[in-house]
Amino acid sequence: MGSMVGSDGSGGAPHSQTLSRGIRVLEILSEAEEPLTIAQLSAALGVHRSIAYRILRTLEDHGLVVRDAAGAVQLGPRMATLARAVSRDLQSAALPQLSAIANELSMTAFVALLDRHEVVTLVSVEPSHAHATVVQRPGTRHPLASGAPGIAIQSVLTGAQWRALPDEHPREEAAQARERGYATSHDEVIPGLASVAVPLPLPDRPPAAVAVVFLANGRDAAAIGARLQESARTIAAELR
């Protein structure tokens, strides 16, 4: 009996190319610093402008993207509604702790989750009274191999989880993070910024981390790590 092969050559049902492109449009817009023209989107997708336009019309109909007066495209308000539904209980448990961390340390605090080969920010809080803060938008992604949240997550991955990431390899810093309970990074994801992160143990959920990001200024990483560990324990207890 023949087997069905997907469009990527793997077994299983064939993939929907149109759906895949639509999702990629949302990813491109989420990573963009400003609204994009249809020409820019079609170039990023590698398709003709007419194809990009049809995809955008469908996304517009669902409120997932909007266009301004000049025709530039950005994510629509419906995306915020969908985002709030992602791990809603985790966001609810994390927000009070992130707010406390942000205001005590005058740093942007966030929870990040492992998503395949990337670490994605689920929820973040900026300090209320700081003169200058670092913005860490929900949905921000960076490779698992970069930054303190990725190192913290690496430090608790099981053998089975590593086998599911065949192209990834643990950094030496992951072993150090496992021993001391927190990870640090400087100038890795964004030049001039530092980060401290601790693992967030969440059974039956993707590996996660609680982290802060701030201007590299010689702050006591061990003290920050201890504060993050306290919040990680509180968040985990809320979800039991």
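The structure displayed is predicted, hence computed values, not measured ones.

**Observations regarding the layout of surface pockets**
Next up, step 1: The volume enclosed by the second largest pocket comes to roughly 180 Å³.
Next up, step 2: Together, Thr18, Leu19, Gly22, Ile23, Leu26, Arg54, Ile55, Thr58, Leu59, His62 and Leu64 line the second largest pocket.
Next up, step 3: Mapped by element, the contributors of at least two residues to the lining of the second largest pocket are helix 1 (17-31) and helix 3 (49-61).
Next up, step 4: For the lining of the second largest pocket, the class distribution of residues is six nonpolar, four polar and one charged.

**Observations concerning the pairing of strand 3 (residues 108-115)**
Next up, step 1: Of all eight residues in strand 3, seven are buried; the element is thus mostly enclosed.
Next up, step 2: Bridge count for strand 3 against strand 8 (residues 208-215) is six bridges, and the pairing is antiparallel. Pairing of Ala109 across the sheet is with Val212, part of strand 8.
Next up, step 3: The sheet contact formed by strand 3 and strand 4 (residues 118-125) spans seven bridges and is antiparallel.

**Focus: unusual backbone geometry**
Trans is the common state for peptide bonds, and a negative phi is the common state for residues other than glycine.
Next up, step 1: A positive phi angle, near 60°, is found at Asp187, a position not held by glycine.
Next up, step 2: Mapping Asp187 onto the fold places it in the loop between strand 6 (183-186) and strand 7 (193-200).
Next up, step 3: Phi at Asp204 takes a positive value of approximately 65°, unusual for a residue other than glycine.
Next up, step 4: On the secondary structure map, Asp204 appears in the loop between strand 7 and strand 8.

**Quick notes on the pattern of salt bridges**
Next up, step 1: Summed over all chains, the structure comprises nine salt bridges.
Next up, step 2: Arg67 is the salt-bridge partner of Glu60, the closest N and O atoms lying 2.8 Å from each other.
Next up, step 3: With a closest N to O distance of 3.7 Å, Asp115 and Arg116 form a salt bridge.
Next up, step 4: Classification of Asp115 as partly exposed rests on a relative accessible area of 22%.
Next up, step 5: According to the relative accessible area criterion, Arg116 is exposed, its value standing at 59%.

**So, the confidence of the model for the chain**
Next up, step 1: Averaged over every residue, the pLDDT of the chain is 87; residues scoring 70 or more account for 90%.
Next up, step 2: Looking at the elements of the chain, mean pLDDT is at its lowest for helix 4 (residues 77-84), recorded as 72, and at its highest for helix 6 (residues 147-154), recorded as 97.
Next up, step 3: Low pLDDT, under 50, characterises residues 1-11; the predicted model gives this stretch 16 contacts beyond four residues in sequence or across chains.

**Observations concerning the nonpolar core**
Next up, step 1: In this structure, Val111, Leu200, Val210 and Val212 are the most contacted members of the largest nonpolar core, which totals 29 residues.
Next up, step 2: Mapped onto this core, the elements with two or more residues apiece are helix 5 (88-105), strand 3, strand 4, strand 7, strand 8 and helix 9 (221-238).
Next up, step 3: By residue number, the principal contributor to this core is helix 5, which donates seven residues.
Next up, step 4: In contact with Val210, other than residues within four places in its own chain, are Leu98, Ile101, Phe110, Val111, Val196, Ala197, Val198, Leu200, Leu228, Ala232 and Ile235.
Next up, step 5: With 20 residues, the next largest nonpolar core counts Leu157, Ala177, Leu193 and Val213 among its residues.

**So, the sheet that holds strand 3**
Next up, step 1: Spatial strand order, 5-4-3-8-7-6: six strands in an open sheet with antiparallel pairing. The outermost strands of the open sheet, each flanked by one partner alone, are strand 5 (141-143) and strand 6. Taking the axes of each pair of neighbouring strands and ignoring which way they run, one obtains an average angle of 30° across the sheet.
Next up, step 2: Pairing of strand 7 with strand 8, which is carried by eight bridges, proceeds in the antiparallel orientation. If you follow Ser195 over to strand 8, its bridge partner there is Val213.

Thresholds, definitions, all that
Residues numbered from 1 in each chain as written. Predicted model: local features only at pLDDT ≥ 70, side-chain atom pairs only at ≥ 80, totals over all residues. Heavy atoms only, no water. 1 Å grid on protein atoms, 1.4 Å probe; cavity = no way out; pocket = protein on both sides within 12 Å on 5 of 7 lines; lining within 4 Å. Points joined across faces, edges and corners; volume = space filled by probe spheres on them. Helix = DSSP H or I, 4+ residues; strand = E, 2+ residues; numbered from the N terminus. Nonpolar A, V, L, I, M, F, W, Y, C, P; charged D, E, K, R; others polar. Buried < 20%, exposed > 50% of the residue type's maximum accessible area, 1.4 Å probe, protein only. Pairing = 2+ DSSP bridges. Salt bridge = Lys/Arg side-chain N within 4 Å of Asp/Glu carboxyl O. pLDDT = per-residue confidence, 0-100. Contact = heavy atoms within 4.5 Å. Core = buried A, V, L, I, M, F, W, Y, C linked by side-chain atoms within 4.5 Å. Axes fitted to C-alpha atoms, helices over the stretch in contact; angles between N-to-C directions.

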